[in-house]
Amino acid sequence: MKELIVLGAAVKEREPMAQHTTLAVGGPADWYVEVFNLEQLAALVKKARGRALPLFFMGAGSNLLVDDFGIRGVVAHLGGEFEKFTVEGDRVRAGAGVFLPTLVKQCADQFLGGIEPLVGVPGTVGGALAMNAGTRDLEMGTIVESVEILERDGTLKNMLKDEIKFSYRSSTLQGTTICFATLKLKRGNKDDIIPAIQKFLSYRLKTQPIGTLNVGSVFKNPPGHFAAELIEKAGLKGLTIGRAQVSGKHANFIVNCGGATAQDIKDLIMTVQHAVKEKFSISLDPEVKIVGGPR
Ligand SMILES: Cc1cc2nc3c(=O)[nH]c(=O)nc-3n(C[C@H](O)[C@H](O)[C@H](O)COP(=O)(O)OP(=O)(O)OC[C@H]3O[C@@H](n4cnc5c(N)ncnc54)[C@H](O)[C@@H]3O)c2cc1C
């Protein structure tokens, strides 16, 4: 493996992905690169393309199940200028690396609401756009006005909302390089915004295994059903394979009880899919992105 140098960026070789995912599983990426500004990002993209290296963008790793063999090629994480945001009126221009819960709380400090339901989504702006993350109250795509992505020639392209398709936990931004986004929020009153944030957070605390190693909902809700309800009715709560367990608190969560492998979690996913299919003739489609593999 030849050295990978991108001036100013932090490059690590064979970096364990378990250290960068909320599930805390995943083998090493050949290279893990933290880029701090647009110039470094453009240089990295050019270098990876020149060497035919696959390039994967990782946000907070909160929707990823990385294979035990890790990820071949380069995993890029956007830090520095991508972790900043600016406010103008009711619009926020945020870097793709901004952590969504922090954004929601800091917007509240500036009397900006309209994004409160996303306070419990522990991902970055980039990850939330790629996934069209959301809750039953709000999806990321709803509040987006435009997204700036990196073009092949190293320049930024501004895409307006109607050039992007957002669907249930997916968007046509997947596979692009998301750099910044402009969100249209609502001017409001802190006395309304802060209690709303607290309400969304305490609901999660009550219903989800907060504080454990997990990836949020593992499966998408099939049309007309809730995945958690199907899994619970199939009697799978608490089912354990290796060190991975279907949460006793929320059946659509799989928890790493400490020391789980990606294979434990994959096996549990397949077992759950099989059992739900057998019992209800319904296929569960993973919401978690399963990435990586052997050479
Ligand atoms: C406790 C918990 C609760 C959760 N609750 C919710 C919820 O209520 N609703 C919900 O939708 N999700 C939820 N999730 C899942 C997850 O937080 C979201 O999917 C989140 O948007 C993922 O963002 P991320 O930055 O972690 O992206 P990652 O998991 O790192 O990546 C996800 C995808 O985004 C892509 N991506 C990331 N950054 C970029 C970029 N700059 N350019 C291009 N592509 C990029 C990646 O390549 C990957 O395909 C939850 C997760 C946890 C752990």
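In this text the structure is predicted, and so the values were computed from the model without any measurement.

J.: Mind showing me how you'd approach the nonpolar core here?
T.: Among soluble globular proteins, nonpolar side chains are generally buried collectively. Grouped together as the largest cluster of nonpolar side chains are 55 residues, with contacts concentrated most on Leu103, Val125, Leu129, Met140, Val147, Leu173 and Leu183. Counting residues in hydrophobic clusters, the runner-up holds 24 residues, among them Leu230, Ala244, Val272 and Leu284.

J.: Would you mind showing me how to read unusual backbone geometry here?
T.: What is expected of a backbone is that most residues other than glycine have negative phi and most peptide bonds are trans. In this model, arginine 14 sits at a positive phi of 50 degrees, which is unusual for a non-glycine residue. Locating arginine 14 in the fold gives a position in strand E1 (residues 10-16). Despite not being glycine, phenylalanine 111 has its phi angle at roughly 60 degrees, a positive value. With respect to the secondary-structure elements, phenylalanine 111 resides in the loop between helix H2 (100-109) and strand E8 (112-113).

J.: Help me understand the pattern of salt bridges, please; the structure alone is not making it clear to me.
T.: Opposite charge on two side chains makes pairing possible when the charged atoms of those side chains draw close. Under the counting rule described, the total for this entry stands at 13 salt bridges. Across the pair arginine 72 and aspartate 30 runs a salt bridge whose closest N-O atoms are separated by 3.1 Å. Placement of the pair is arginine 72 in strand E5 (residues 71-78) and aspartate 30 in strand E2 (residues 28-35), with a sequence separation of 42 residues. Each member of the pair, arginine 72 as well as aspartate 30, carries the same accessibility label: buried. Between lysine 220 and aspartate 285 there is a salt bridge, and its shortest N-O distance comes to 3.8 Å.

J.: Help me understand the packing of H2 against helix H5 (residues 190-207), please; the structure alone is not making it clear to me.
T.: Angle between the axes and distance between the axes are the two parameters that describe a pair of packed helices. Closest axis-to-axis distance for the H2/H5 pair is 9 Å, and the angle between their directions is 160 degrees. Comparing their axes, H5 and H2 come out roughly antiparallel. As for the relative orientation of H2 and H5, their crossing is left-handed in sense. Here Val104, Lys105, Ala108 and Asp109 of H2 lie close against H5, whose contacting residues are Lys190, Ile193, Ile194, Ile197 and Leu201. Of the residues contributing to the contact of H2 with H5, the split by class is six nonpolar, no polar and three charged.

J.: I'm lost on the sheet that holds E1 in this one. Help?
T.: Paired through their backbone hydrogen bonds, the strands of a sheet run either parallel or antiparallel. Pairing within the open sheet is mixed, and its four strands lie in the order E1-E2-E5-E3. Edge positions in the sheet fall to E1 and strand E3 (55-58), since each of these pairs with one other strand and no more. Pairwise comparison of adjacent strand axes, ignoring direction, gives a mean angle of 30 degrees for this sheet. Pairing of E2 with E5 involves six bridges; the strand directions are parallel. Each residue of the ladder has a partner; that of valine 33, found in E5, is alanine 76.

J.: Would you mind going over the packing of aromatic side chains with me for this structure?
T.: What describes a pair of aromatic rings is the distance from one ring centre to the other and the angle between the planes of the rings. All chains considered together, the criterion is met by one aromatic pair. Against the face of phenylalanine 180 rests arginine 93, its NZ or CZ located 4.1 Å from the ring centre. Positioned above the aromatic ring of phenylalanine 200 is the side chain of lysine 199, whose terminal nitrogen or guanidinium carbon lies 4.6 Å from the ring centre.

J.: In this structure, what is going on with helix H7 (residues 262-280)? I would like to understand it.
T.: Since there are 3.6 residues in each turn of an α-helix, residues three or four apart along the chain are aligned in direction. With 19 residues, H7 should reach 27 Å at 1.5 Å per residue; the first-to-last C-alpha distance of 27 Å fits that figure. Among the residues of H7, those classed as buried are Ala262, Asp264, Ile265, Lys266, Leu268, Ile269, Val272 and Val276. As for H7, its buried residues are in contact with strand E4 (64-66), helix H6 (227-233), strand E15 (240-241), strand E16 (244-246), strand E17 (254-256) and strand E18 (289-291).

What counts, and at which threshold
Residues numbered from 1 in each chain as written. Predicted model: local features only at pLDDT ≥ 70, side-chain atom pairs only at ≥ 80, totals over all residues. Heavy atoms only, no water. Core = buried A, V, L, I, M, F, W, Y, C linked by side-chain atoms within 4.5 Å. Buried < 20%, exposed > 50% of the residue type's maximum accessible area, 1.4 Å probe, protein only. Helix = DSSP H or I, 4+ residues; strand = E, 2+ residues; numbered from the N terminus. Salt bridge = Lys/Arg side-chain N within 4 Å of Asp/Glu carboxyl O. Axes fitted to C-alpha atoms, helices over the stretch in contact; angles between N-to-C directions. Parallel < 35°, antiparallel > 145°, perpendicular 65-115°, else oblique. Left-handed = near helix turned anticlockwise from the far one by under 90°. Contact = heavy atoms within 4.5 Å. Nonpolar A, V, L, I, M, F, W, Y, C, P; charged D, E, K, R; others polar. Pairing = 2+ DSSP bridges. Phe/Tyr/Trp six-rings, centres within 6.5 Å; stacked < 30°, edge-to-face > 60°. Lys NZ or Arg CZ within 6 Å of the ring centre and 35° of its normal. Expected span 1.5 Å × (residues − 1).

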